[in-house]
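Chains, contacts and geometry: an overview
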Amino acid sequence: VTVDHVNAGTGLQSLTVVGTPTNAVVFIPAFTPGTFMPVTVTFMPINPSLPVDFTLRAASTFHAANIRARCGTPPPPIAGEAISDDAEQLQNSPAEENPPLRSGLNKSVSNGGKPEIGK
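So, a few notes on the structure that sits alongside this text. (Residues numbered from 1 in each chain as written. Predicted model: local features only at pLDDT ≥ 70, side-chain atom pairs only at ≥ 80, totals over all residues. Heavy atoms only, no water.)

Quick look at the overall build of the chain
A count of helical and extended segments in the chain gives 1 helix and 7 strands. Helices and strands in the chain line up, N terminus first, as β-β-β-β-β-β-β-α. The proportion of buried residues among the 119 residues of the chain is 29%. (Helix = DSSP H or I, 4+ residues; strand = E, 2+ residues; numbered from the N terminus. Buried < 20%, exposed > 50% of the residue type's maximum accessible area, 1.4 Å probe, protein only.)

Here it is, written out as structure tokens:
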């Protein structure tokens, strides 16, 4: 999730996780308060087979925006539907052999826009 503050006002003063994330460890990098540079928050699912849900609060001195990030699990293939080689390999291998972080399940999410904090 990338927070890109508008180039006005007091800049990004704080960036925090609201409450307790569901099935995720959230990493907020250090940044200089008042920055107008983008700050990218990353996360890692605790269990890749379960959905992730967390909310960030980005604030300037006078305004704040909550940014909710939710990622579900991919649905199972429909009977008769073609699946990729990677998906087929994962389906046909024992669960204990699958790495905890699999391709396609750990993608960055975007909040769909840039919060305009400080306006």
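Digging into the pattern of salt bridges
Throughout the structure, instances matching the rule amount to 1 salt bridge. The residue D53 makes a salt bridge to R68 at a minimum N-O spacing of 2.5 Å. Here R68 lies in strand β7 (residues 64-71) and D53 lies in strand β6 (residues 52-59), a separation of 15 residues in the sequence. (Salt bridge = Lys/Arg side-chain N within 4 Å of Asp/Glu carboxyl O.)

Notes on the sheet that holds strand β2 (residues 14-22)
Strand order in this open sheet of 3 strands is β2-β6-β7, and the pairing throughout is antiparallel. The open sheet is flanked by β2 and β7, the only strands paired with a single partner. Averaged over all pairs of adjacent strands, the angle between their axes in this sheet comes to 20°, without regard to strand direction. Relative to β7, β6 is paired through 8 bridges, and the arrangement is antiparallel. (Pairing = 2+ DSSP bridges. Axes fitted to C-alpha atoms, helices over the stretch in contact; angles between N-to-C directions.)

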